[in-house]
Amino acid sequence: MNTFHSTRSNDQMVTAKQAIRTGIAYDGGLFVNDDLGTANGPHIDIAGLVQSSYQDIAYSVLKALLPDFSEHELRECIEQAYGDQWDDTHITPLKPLGDDWILELFHGPTSAFKDVALQILPRFMARTANTPDVPEQAARTEERIMILTATSGDTGKAALAGFADAPGTGITVFYPEGKVSQIQQLQMTTQQGNNVHVYAVRGNFDDAQSAVKRIFADHEFANTLQDDAHVALSSANSINVGRLVPQVVYYFAAYAQLVQRGAITLGDPVEFVVPTGNFGNILAGYYAKLLGLPVAHLTVASDKNNVLVDFLNTGVYDRNRPFYQTTSPSMDILISSNLERMLYYFSGKDEALVAKLMESLSQDGTYQIPEDMLKRIQTIFSADWANEDEVNEAIASCFASTGEVIDPHTACGYTVLQRMPQRENVAARILLATASPYKFPRVVNQALGFDHTGSDFACMDVLSQQTGTQAPAALRGLEYAQERFTEVIDIAQMQDVVRRAAFTL
Ligand SMILES: *Cc1c(COP(=O)(O)O)cnc(C)c1O
């Protein structure tokens, strides 16, 4: 059952539960499992999934990737995470988009794709404590977990919604001051729950994210919290195995819906276009392929922060470049953490090489992968990006030609999809839609030529009237919700507020 180890070393094997509970490996690496993609590794029979519900598909995928959870535990987690807090029974419904398809990942409680993972992660977390196969934790029956998250917008709210009042947990969220939309900020600052804390931080997302990483790496601090407050720190960022694995499910669900609709025949290869920042959304598609889903190709769609596009084209990752604040804030990222897992698999599971590349990234902000490794990656992955003008044009042309209203993140993907060559071996192309357009109503109205001069809420009403679509009730209701968290802090204060929160948990 000890199937996971760090991307940077393999001397410490842990269970899926331990990997989820700790979030990141002791050496700073990401947890990976070696049997994935091998002949004797986990494999999913797609024929059996075609008539299945989302929940049953989720069970098959989670069982394959998290083998030490019992059937009962997984079924319970799935039932609680994918219930009527979703406004579509398909959970991730698939719709036609001209000659292509669009998979909507934003029907959860916070209207962003991160709900897919963050509705279930707290339920996993609650089942990692005091289990017989986590012996060193048996002694600490009252240990609680404090989730720390730096967010560029969507993760924060989705994590807060998932962890609010979840037994045995607390959550502290940091977002860059002034760098998230009015709606995103209100979503976080109005969050209910006795175990939640939200702070605006002076700096950009990468500054906040780096500070969170430093807090995690401070072993002395961790020991103090452990001994004096009985609190262990953990991460809800997309590097957690418990975030990544639930995202694999929607690739299978998309495929099953295509077969059900008669759009493809079982076994036909398909291609996904994936708006990506931290590489979590698209990496899940690669995991689906390793589990046996016929994925012919995966295309990264970036915004103006196109570090991944350059990497996938040249083999050089270089974060030494300007950081742009765009209308797709959840993709404004210069360090794509989950890329490390892809490097692991494409290097032939070479921990020493991954450790060296990550050391180079941390020291110099750059690394280069071997030529043959790049060639292998390029057989499956490609990448393109959209600038701000193209995002606006994409929102307008998508609405004009398909009737679908898309958000700025999805619009990066739409731009890339339109520009992409039609590959011969691909039976269907699926664009992943990652946020409701109502999370970014001002940008969307502007792109569509509608009035965008009032508040975000006035913009929502205009968007609704002009397009005949409906704003999600939880978003529209924010106008009258009470703000609970208004404190702005410096990077240097982050560790202190975590300490305070831990002692009140
Ligand atoms: C987080 C997010 C993305 C990117 O997902 P990654 O896991 O970082 O690749 C894209 N769009 C939206 C709306 C998001 O919230």
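A few points on the structure. (Residues numbered from 1 in each chain as written. Predicted model: local features only at pLDDT ≥ 70, side-chain atom pairs only at ≥ 80, totals over all residues. Heavy atoms only, no water.)

Here's the deal with the overall build of the chain
Helix and strand counts for the chain come out as 22 helices and 15 strands. Against the compact-globule benchmark of 23 Å for 505 residues, the chain has a radius of gyration of 21 Å, which places it among compact chains. Oriented by its inertia axes, the alpha-carbon framework of the chain measures out at about 60 × 55 × 45 Å. Of the side-chain charges in the chain, 36 are positive and 60 negative, and the distance between the mean point of each set is 1 Å. (Helix = DSSP H or I, 4+ residues; strand = E, 2+ residues; numbered from the N terminus. Rg over C-alpha atoms; globule rule 2.2 N^0.38 Å. Lys, Arg positive; Asp, Glu negative; His and termini not counted. Charge placed at Lys NZ, Arg CZ, Asp CG, Glu CD.)

Remarks on helix H14 (residues 339-346)
Burial analysis of H14 places eight of its eight residues in the buried class, the great majority of the element. Regarding H14, the residues found buried are Leu339, Glu340, Arg341, Met342, Leu343, Tyr344, Tyr345 and Phe346. Remark: Gly348 follows H14 within two positions and exhibits a positive phi of approximately 75 degrees. (Buried < 20%, exposed > 50% of the residue type's maximum accessible area, 1.4 Å probe, protein only.)

Structural notes on the pairing of strand S6 (residues 169-176)
Most of S6 is tucked away: eight of the eight residues are buried. Of the strand pairs in this sheet, strand S5 (residues 144-150) and S6 are connected by six bridges, and their pairing is parallel. Counted as the bridge partner of Met146 is Gly170 from S6. You can see the chain leave S5, run along helix H7 (residues 154-163) and come back into S6, and the turn it takes is right-handed. The sheet contact formed by S6 and strand S7 (residues 196-202) spans six bridges and is parallel. For Tyr175, the partnering residue across the bridge sits in S7 and is Ala200. A crossover links S6 with its parallel partner S7, the connecting element being helix H8 (residues 182-189), and its sense is right-handed. (Pairing = 2+ DSSP bridges. Right-handed = clockwise from strand over helix to strand, strands pointing away.)

Quick word on the sheet that holds S5
Consider a sheet: its strands pair through backbone hydrogen bonds, and that pairing is either parallel or antiparallel. Across the sheet, which stays open at both edges, the five strands sit in the order S8-S5-S6-S7-S15 with parallel pairing between neighbours. Of all strands in the sheet, those bounded by a partner on one side alone are strand S8 (231-235) and strand S15 (488-490). Direction aside, neighbouring strands of the sheet carry axes that sit 30 degrees apart on average. Of the strand pairs in this sheet, S5 and S8 are connected by five bridges, and their pairing is parallel. For Met146, the partnering residue across the bridge sits in S8 and is Leu233. Across the sheet, helix H9 (residues 205-217) is in contact with S5, S6 and S8; its angle to S5 comes to roughly 150 degrees. (Axes fitted to C-alpha atoms, helices over the stretch in contact; angles between N-to-C directions. Contact = heavy atoms within 4.5 Å.)

Considerations on the side chain of Gln191
As for its position among the elements, Gln191 is in the loop between H8 and S7. Looking at Gln191, its side chain comes within polar contact range of the side chain of Lys157, at 2.6 Å. In this structure, Gln191 is in contact with Lys157, Leu160, Ala161, Ala164, Val196, Arg484 and Phe485, ignoring residues within four places of it in sequence. (Polar contact = N/O pair within 3.5 Å; in protein donor to acceptor, adjacent residues only side chain to side chain.)

Comments concerning the environment of Ser337
Along the polypeptide, Ser337 turns up in the loop between strand S11 (316-318) and H14. Residue Ser337 is classed as buried on the basis of its relative accessible area of 10%. In this structure, the C-alpha to C-alpha distance between Ser337 and Leu30, residues 307 residues apart in sequence, is 8.7 Å. Ignoring anything within four residues of it in the chain, the contact list for Ser337 reads Leu30, Gln209, Lys213, Ile239 and Asn278.

Some words on the sheet that holds strand S3 (residues 94-97)
Taken together, six strands build an open sheet; the order of strands is S3-S4-S14-S9-S10-S13 and the sheet is mixed. Each of the sheet's edge strands pairs with one partner strand only, and the pair in question is S3 and strand S13 (381-385). Between one strand and the next, the sheet's axes are offset by a mean angle of 25 degrees, whatever the strand orientation. Inspection of the sheet shows strand S4 (residues 100-104) paired to strand S14 (residues 428-433) by four bridges, in the parallel sense.

Re the layout of surface pockets
Where empty space is left becomes clear once a probe the size of a water molecule has been rolled over the atoms. Space inside the second largest pocket adds up to approximately 290 Å³. Contributing to the lining of the second largest pocket are 14 residues, with Glu104, Phe106, His107, Thr469 and Gln470 lying nearest its centre. Taken together, the residues of the lining of the second largest pocket sort by class into five nonpolar, five polar and four charged. (1 Å grid on protein atoms, 1.4 Å probe; cavity = no way out; pocket = protein on both sides within 12 Å on 5 of 7 lines; lining within 4 Å. Points joined across faces, edges and corners; volume = space filled by probe spheres on them. Nonpolar A, V, L, I, M, F, W, Y, C, P; charged D, E, K, R; others polar.)

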